[in-house]
Amino acid sequence: MSIYFDKTMRLKELISADLINELFQSMANLYKVHLKVFDEQDTLVYQVAFESGNFCQLIFLDLNGQKACTRKVSEVKISKPLGESAEVHNCFSGLRYMVQPIYYQGEYLGRIIIGPYWPKELSAKPKPMSFMQAGFDFENLKAQVNTHKTFSQGQIDLIIKHIITVLDILFHASHKSWLTSKMHLESISASYKELESKNKMLEESIERMKEIDKLKSNFLATMSHELRTPLTSIIGYAEMLVEQVSGELNALQKTYSSNIIEKGENLLSMINAVLEISRNESQTLTMNKVTADVVELVQNAVSTVFPQAQKKNISLKTYVDENLPPCKLDKERMNQALVNLLSNSAKFTQNGGIVSIHAFASREPVKQNSGNSARFFDGKEPYICISVTDNGIGIPEEHLDKIFYSFYQVDNNQTRNFGGAGIGLAVVKAFVEAHRGFCKVESKVQKGSKFSLFLPIER
Ligand code: ADP
């Protein structure tokens, strides 16, 4: 048995109150019979009573009659036939009620009370009522008997059969849609529950990821810090060797020692970069801001990258708005950010390509995509925009949102053509964000890329 069938059926769920009204009204009109319908919870859901004249009212006017009548009516009202067939209830007056239970698929849904009516076989209407108070006008009551209709048992059986058959057909039709709606509801609530539990799992995973991310940042910060000290002394000793403080070196020994210094310094700058990124993530990266000339800043970065560009015959072009206002920046860090962008452009552009750097003031609304989620800046705040454009290999669209993550590289095969560790852009992002700015990237594969840094103008 499916779970849908386990639910208790209710009369009003199977057929609407309107349908119950319509059905019993038409049955009552057709047979001119009094009808009352109670549901499975003994609530009266329908009643129709025809003009019953003075007969019952006359009995009710008598105190003893009233008591007997009330007793009878309540007995009929609360009676629940044991089986599925109708139960007869005779009134002391000779009138009769029939109580027909309503069942569907073996489940009790309520009952119909038919009556009062005169049973055809009754010889004297009404029956003598000796318990009435003295002075009760029995002859007057007798004159009112025709206000109730007379039915033979056969007629009543037919009426009941008719009602039950119609109810059965209605139940059948409604049950189908009832089941469908229940199944629909069940499936919605099952999906909702599933969604809820998935949501919870997702929330827990996010929390765990945040914790892991924090641990990772702490780990990187500590490791970088701890690695710096021995590395600085390795470089120091190598420098002493090259300077021949402890004795003369032959040419090869000198070359090897110089290599140690060069590689050691590369490693040191990578460690420093990781340290800066993790500081930015833990919001402990502080900027050393001074009033800076953007023209000078750009020229310094260009001259640093010049030898790298020259090796590939790449032309470096500079377009700086001469009227740019001076702005408070961490010169060293922003220089590093521009060098990173320019050297990436030189690295990812073919021989003979063009790399250009532009600097201008901007109030344009822009969409940034250097963060975890893209958002718009409304352009109300004035920014200095420094952009680096190349006509190199470009970046496929699906990578654009991720290239600012630390250690993320578009081509991360061991055999990739370009060197690098994937931290250059993360450093750029860290420095720009520490200036309350943001980065933007636009790129087309085989056409080129444009990286823009927006820095709020701070005087
Ligand atoms: P890397 O050390 O690998 O250059 P970055 O963080 O600087 O690390 O850059 C991350 C990745 O973004 C690069 O590996 C490359 O795939 C892509 N990228 C960065 N700049 C450019 C560019 N100008 N043109 C094409 N791809 C670029």
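Since this is a predicted model, take the numbers as computed values, not measurements. (Residues numbered from 1 in each chain as written. Predicted model: local features only at pLDDT ≥ 70, side-chain atom pairs only at ≥ 80, totals over all residues. Heavy atoms only, no water.)

A. Structural view of the sheet that holds strand 13 (residues 383–390). With mixed pairing, the 5 strands of this open sheet are ordered in space as 8-10-13-15-14. The open sheet terminates on both sides in strands that have one partner only, identified here as strand 8 (315–320) and strand 14 (438–444). Between one strand axis and the next, the sheet turns by 15° as a mean value, whatever way the strands run. Bridge count between strand 13 and strand 15 (residues 448–456): 8 bridges; the pairing is antiparallel. Within strand 15, the position partnered with I384 by the bridge is L455. Of the strands in this sheet, strand 8, strand 10 (354–362) and strand 13 touch helix 9 (residues 294–311), which is tilted by about 175° from strand 8. Its contacts with the sheet put helix 10 (residues 331–347) on strand 8, strand 10, strand 13 and strand 15, and the angle it makes with strand 15 is roughly 170°. (Pairing = 2+ DSSP bridges. Helix = DSSP H or I, 4+ residues; strand = E, 2+ residues; numbered from the N terminus. Axes fitted to C-alpha atoms, helices over the stretch in contact; angles between N-to-C directions. Contact = heavy atoms within 4.5 Å.)

B. Just a nonpolar patch on the surface, in detail. The grouping of F219, M223 and L227 at the surface amounts to a nonpolar patch, some 280 Å² of accessible area in total. As for its position among the elements, L227 is in helix 7 (residues 153–242). (Patch = residues over 30% accessible without salt bridge, like charges linked within 9 Å, V, L, I, M, F, W, Y side chains within 5 Å. Areas by Shrake-Rupley, 256 points an atom, 1.4 Å probe, with all protein chains shown as cover. Salt bridge = Lys/Arg side-chain N within 4 Å of Asp/Glu carboxyl O.)

C. Fine view of the site of the ligand. Around the ligand lies a shell of 19 residues, among which N344, K347, D390, Q409 and L425 are the nearest. Contact between the ligand and N344: an oxygen atom at 2.7 Å from a side-chain N or O atom of the residue. V410 has a polar backbone atom sitting 3.1 Å from an oxygen atom of the ligand. Contact with the protein chains hides 95% of the accessible area of the ligand, taken as 530 Å² for the molecule alone. Those elements that provide at least two residues to the shell around the ligand are helix 10, helix 11 (424–434) and strand 15. For the shell around the ligand, the class distribution of residues is 9 nonpolar, 8 polar and 2 charged. (Near = heavy atom within 4 Å. Polar contact = N/O pair within 3.5 Å; in protein donor to acceptor, adjacent residues only side chain to side chain. Nonpolar A, V, L, I, M, F, W, Y, C, P; charged D, E, K, R; others polar.)

D. Broad picture of the side chain of H399. Looking at the secondary structure, you find H399 in the loop between strand 13 and helix 11. With sequence-adjacent residues up to four places away left out, H399 is seen in contact with Y408 and V410.

E. Main features of the nonpolar core. If you look at the biggest cluster of nonpolar residues, it comprises 51 residues, and the most contacted ones within it are V298, M334, I386 and L453. Tallying contributions element by element places helix 9 first for this core, with 8 residues. By size, the runner-up hydrophobic cluster in this structure holds 31 residues, among which are L11, F151, I159 and I163. (Core = buried A, V, L, I, M, F, W, Y, C linked by side-chain atoms within 4.5 Å. Buried < 20%, exposed > 50% of the residue type's maximum accessible area, 1.4 Å probe, protein only.)

F. Structural view of the packing of helix 10 against helix 11. Two elements in contact, helix 10 and helix 11, have axes whose closest approach is 9 Å; the angle formed by their N-to-C orientations is 145°. In terms of crossing hand, the pair formed by helix 10 and helix 11 is left-handed. Residues R333, M334, Q336, A337, N340, L341 and N344 of helix 10 lie in contact with helix 11, whose contacting residues are G424, L425, V427, V428, F431 and V432. Residue composition of the contact of helix 10 with helix 11, grouped by class: 8 nonpolar, 4 polar and 1 charged. (Left-handed = near helix turned anticlockwise from the far one by under 90°.)

G. Layout of the layout of surface pockets. Here the largest pocket defines a volume of roughly 1200 Å³. If you go around the largest pocket, you meet 40 residues; those closest to its centre are N344, K347, I423, G424 and L425. Elements with a minimum of two residues in the lining of the largest pocket: helix 8 (251–281), helix 10, helix 11 and strand 15. Of the residues forming the lining of the largest pocket, the biggest block, 8 residues, is contributed by helix 10. Its residues assigned to classes, the lining of the largest pocket shows 16 nonpolar, 17 polar and 7 charged. (1 Å grid on protein atoms, 1.4 Å probe; cavity = no way out; pocket = protein on both sides within 12 Å on 5 of 7 lines; lining within 4 Å. Points joined across faces, edges and corners; volume = space filled by probe spheres on them.)

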